[in-house]
Amino acid sequence: MRTTSGVLLTRFTMEVATALVTGLIGAIVCYGSLEFGIGWGDAGPEPGYFPFYVGLIVIIASAINMGFGIYHHRDRVEEFLTTEQSHRVIAFFGPMFLFVLISSYLGVYVGMILYLFSVMVFQGGYRPHKAIAVSLITAVANYFLFETWFKVPLLKGPLEALIGIH
Amino acid sequence: MDNFSNLMDGFAIAFSFFHLALMAVGVLLGILVGVLPGLGAPNGVSLLLPLTFTMDPVSAIILLTSMYWGALFGGSTTSILFNIPGEPSSVATTFDGYPMAQQGHATHALTLAFMSAGFGAMFGVVVITVLSGWVTQFALKFSSPEYFAVFLLTFASFIGMGSGSAFKAIVSMMLGFAFATVGMDGISGNMRLTFGFPDLVKGISFLVAVIGLFGLGELMQTMEEGLRFDGIHARIRIRDVFKAVASMPGHWLTLLRSSIIGAWMGITPGGPTAASFMSYGLAKRFSRRKEHFGKGEPAGIVAPETADHSAGTCAILPMLALGVPGSATAAVMMGGLMIWGLTPGPMLFIERPDFVWGTIASMYLGNVMAVVLVLATVPMFAAILRIPFSIIGPMIVVVCFIGAYTISGSRLDLWLALPFGILGYVFKKLGYPIAPMVLAMVLGDKAEDAFRQSMMMSKGSLAIFWNNSTLVATIMTLAMLLLFWPLVSMIIRHLRGTEHGKRISA
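Fair warning: this is a prediction, and the values are worked out from it, not measured in the lab. (Residues numbered from 1 in each chain as written. Chains lettered and ligands numbered in written order. Predicted model: local features only at pLDDT ≥ 70, side-chain atom pairs only at ≥ 80, totals over all residues. Heavy atoms only, no water.)

## Description of the overall build of chain A
When helices and strands are tallied, chain A shows six helices and four strands. By the compact-globule yardstick of 15 Å for 166 residues, chain A is too spread out, its C-alpha radius of gyration being 24 Å. Based on the C-alpha atoms only, the size of chain A along its principal axes is roughly 60 × 60 × 25 Å. Burial analysis of chain A (166 residues in total) assigns 42% to the buried set. Long-range contacts, defined here as pairs at least 24 residues apart, represent 60% of the contacts in chain A between residues at least 6 apart. In the form shown here, chain A has an accessible surface area of approximately 9,000 Å², with 71% of it arising from carbon and sulfur atoms. Side-chain charges in chain A split into 9 positive and 10 negative, and the spacing between the mean points of these groups amounts to 17 Å. (Helix = DSSP H or I, 4+ residues; strand = E, 2+ residues; numbered from the N terminus. Rg over C-alpha atoms; globule rule 2.2 N^0.38 Å. Buried < 20%, exposed > 50% of the residue type's maximum accessible area, 1.4 Å probe, protein only. Contact = heavy atoms within 4.5 Å. Areas by Shrake-Rupley, 256 points an atom, 1.4 Å probe, with all protein chains shown as cover. Lys, Arg positive; Asp, Glu negative; His and termini not counted. Charge placed at Lys NZ, Arg CZ, Asp CG, Glu CD.)

## Some points on the interface of chain B and chain A
Size of an interface, as often reported, equals the accessible area lost when the parts are brought together. At the junction of the two partners, chain B supplies 57 residues and chain A supplies 60 residues. Summed over both sides, the interface of chain B with chain A buries roughly 5,600 Å², with 80% coming from carbon and sulfur. In terms of surface lost to chain A, no three residues of chain B exceed B:Ile402, B:Trp415 and B:Leu430, which account for 10% of the buried area on that side. For the pair chain B and chain A, the number of links is one salt bridge. With its nearest N and O atoms 3.0 Å apart, the salt bridge here joins A:Glu15 to B:Lys168. Counting the contacts that link chain B with chain A gives nine residue pairs in polar contact (both at pLDDT 80 or more). Mapped by element, the contributors of at least two residues to the side of chain B that touches chain A are α8 (166-181), β2 (191-192), α9 (206-224), α18 (389-406), α19 (411-430), α20 (435-458) and α24 (501-505) of chain B. In terms of residue class, the side of chain B that touches chain A is made up of 38 nonpolar, 10 polar and nine charged. (Buried area = accessible area lost by both parts, 1.4 Å probe. Salt bridge = Lys/Arg side-chain N within 4 Å of Asp/Glu carboxyl O. Polar contact = N/O pair within 3.5 Å; in protein donor to acceptor, adjacent residues only side chain to side chain. Nonpolar A, V, L, I, M, F, W, Y, C, P; charged D, E, K, R; others polar.)

## Regarding the confidence of the model for chain B
All names here are of chain B. Here chain B averages 85 in pLDDT, and 94% of its residues register 70 or above. The element-level mean pLDDT for chain B is lowest in α24, coming to 44, with α19 highest at 93. Long-range and interchain partners of residues 499-506, a stretch whose pLDDT sits below 50, account for 12 contacts in this model, where long-range means more than four residues apart. Prediction confidence for the complex, expressed as pTM and ipTM, is 0.85 and 0.92 respectively. (pLDDT = per-residue confidence, 0-100.)

## Some words on the packing of aromatic side chains
Under the criterion given, the structure shown has 26 aromatic pairs over all chains. For the ring pair B:Tyr147 and B:Phe151, a centre distance of 6.4 Å and an interplane angle of 25° mean the geometry is stacked. Note that B:Tyr147 and B:Phe151 are positioned in helix α7 (residues 144-160) at a spacing of four residues, about one turn of the helix. Of the two residues examined, B:Tyr147 and B:Phe151, each falls in the buried class. One aromatic cluster is present, built from ring pairs that chain together A:Trp40, A:Tyr49, A:Phe50, A:Phe52, A:Tyr53, B:Phe148, B:Phe155, B:Phe177, B:Phe451 and B:Phe465. When the ring centre of A:Tyr71 is taken as reference, the NZ or CZ atom of A:Arg74 above it lies at 4.6 Å. (Phe/Tyr/Trp six-rings, centres within 6.5 Å; stacked < 30°, edge-to-face > 60°. Lys NZ or Arg CZ within 6 Å of the ring centre and 35° of its normal.)

## Comments concerning a nonpolar patch on the surface
All names here are of chain B. A surface patch of nonpolar side chains, about 700 Å² in accessible area, is lined by Phe484, Trp485, Leu487, Val488, Ile491, Ile492 and Leu495. The topology assignment puts Leu495 in helix α23 (residues 485-496). The class for Leu495 is exposed, based on a relative accessible area of 72%. (Patch = residues over 30% accessible without salt bridge, like charges linked within 9 Å, V, L, I, M, F, W, Y side chains within 5 Å.)

## Some points on the pattern of salt bridges
Scanning the model with the defined rule gives 14 salt bridges over all chains in all. In this structure, B:Lys429 engages B:Glu224 in a salt bridge whose closest nitrogen and oxygen atoms are separated by 2.8 Å. Of the two residues, B:Lys429 is situated in helix α19 and B:Glu224 in helix α9; the sequence distance between them amounts to 205 residues. With its nearest N and O atoms 2.9 Å apart, the salt bridge here joins B:Glu297 to B:Arg289. Through salt bridges with shared partners, a single network forms among A:Arg11, A:Glu15, A:Glu78 and B:Lys168.

## What about the environment of B:Val182?
Residues and elements named next belong to chain B. Counting through the fold element by element, Val182 comes out in the loop between α8 and β1 (183-184). Accessibility expressed as a relative area gives 11% for Val182, which makes it buried. Sequence spacing of Val182 and Gly203 is 21 residues, and the spatial spacing of their C-alpha atoms is 5.0 Å.

## What about the nonpolar core?
By size, the foremost hydrophobic cluster in this structure holds 187 residues, and its most contacted members are A:Met96, B:Leu213, B:Ile316, B:Met319, B:Leu337, B:Phe355 and B:Phe401. Among the elements that line this core, the one with the most residues is helix α17 (residues 353-384) of chain B, at 17 residues. When sequence neighbours within four positions are dropped, the list of residues in contact with B:Ile316 reads B:Thr65, B:Tyr68, B:Trp69, B:Ile128, B:Met333 and B:Met363. Of all hydrophobic cores here, the second largest spans six residues; its members include B:Ala92, B:Tyr280, B:Phe293 and B:Ala303. (Core = buried A, V, L, I, M, F, W, Y, C linked by side-chain atoms within 4.5 Å.)

## Here we look at helix α11 (residues 252-267) of chain B
With 16 residues, α11(B) should reach 22 Å at 1.5 Å per residue; the first-to-last C-alpha distance of 23 Å fits that figure. Those residues of α11(B) that fall on the buried side of the exposure criterion are B:Thr254, B:Leu255, B:Arg257, B:Ser258, B:Ser259, B:Ile261, B:Gly262, B:Ala263, B:Met265 and B:Gly266. (Expected span 1.5 Å × (residues − 1).)

If you want it as structure tokens, here you go:
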């Protein structure tokens, strides 16, 4: 086992944090199901009955998980993520997040061209003209695959409307 | 011989040019998703599912099941050539497959893997063929309480038979139920858990969850570990293929044992992953060449591959017959069945025999085709993994999000896939099982409806789950036993004074 130097997150922290998040989701579910009655009506359970107890079980099981997590990882030596690993995860997640952000406003095609291009150039170290070629070919191939062949339209933005593709 | 004539009708349906072409496309796409890191069988089927909405159900299921076979084969390929299991169920194949390939016997290892996988799958289809006729006899005995009991049995077995922490499995499953209740309630028509967001009225699709949990989550994990492909160049030499085929009969005992393990684990929701590990362990224990295992022992490839495919195939039977999927991929396919307007369950065998037997017949043809295609295309697919990850990685991400969008053409699904991706990544690292969540999302509504309809039948008395028939009582008792099994075994271990803490946190 590695020492704690260079460790960004310990397993202890993550076990507790995850249990808190799942418990919180459970609480939200319980709260949301109060709206339609959680009791036992004339014809069996009311609409909120099922989700309410599901939420309650989530809260209880999360509490138990937190207890186990605290107990088994109390020495706090096991790592969850090292600094180096976190850089790699962020380098992957960041561009992916931007891809979704751009896609939801400018459409999936524009999003994928920008995404492929920037990852290839900034992370893969490719020459820009090579990256442009790959990303454009991918977008065109996807266009023909989905719009023409499968007749499933993908999300398009203002740019496609400008050049008359919709 | 009723099954036999049904099967012949099935072959008549499956054996058309269009269907054979679909099988080939499905198998090839399947090998592709099996080979690519981050994409696996459940994910591949989820991505393809939206494209089948307009297809005839028989054609659609042929495409999806063929993809499943292809993905299983693709997973074995990367295990042997790259020491990277493309699927969790092919982890055990790396133990002996990779050493064998390193020693220069890549062709032999691959051929052995594909042939035993083909054998396992064939065994599985024969089991399905034989048992299917028997299943229909149950059909008319099933009403809401029986359905609920079967659902409960499935859920309980995931908690009771899981390898990790039972409470983590419970959290995962219950979250799945909670996500399944979002949207319109099928019985009362109320909008549940939407918190006023109009986009949530249609609910959270299990397909988005699968794409996020399995696809994006797995990709993040792959990235974190720093990707390195130390692949072995595979050139398929025909002579080696025949040599490997000729050595197959020598493994008859391993083949048979592993097929039976696989069939059992596939029908009960143990799943292909558990089956392949168990089969590997048993093959090692009974082998006279124990010390060779892990260093490139052929039987160490035959055993997990046979069990993996036998289980994968058999998982289709409970899905069709009871509406209870035996694996995550089968759960996704079952979701597809419901979208195509079919109701999985025993009545399917009576109402749509063409669909059921067409599917079963296509499984025979699809597996034969898969063995041939995978042998022919291995070098090509292995070459794909040599494309730098800064190109292939973003492309996989794009495919995942396109898949999320095509489910219902909703912008929200693009955004939902992201948190599911993070959830999948964290859950996998902390040992929360993911399959129960997917299962609960697919079955949640059906289980709740069955429960509430039973309550309407009994005017609110829970006794209906024991009084309605001996069938329902038996299933309920079994479910209860499984559900409390972790508790019972924990107490037993505690009484024996063994150190049980490690097992729970694992």
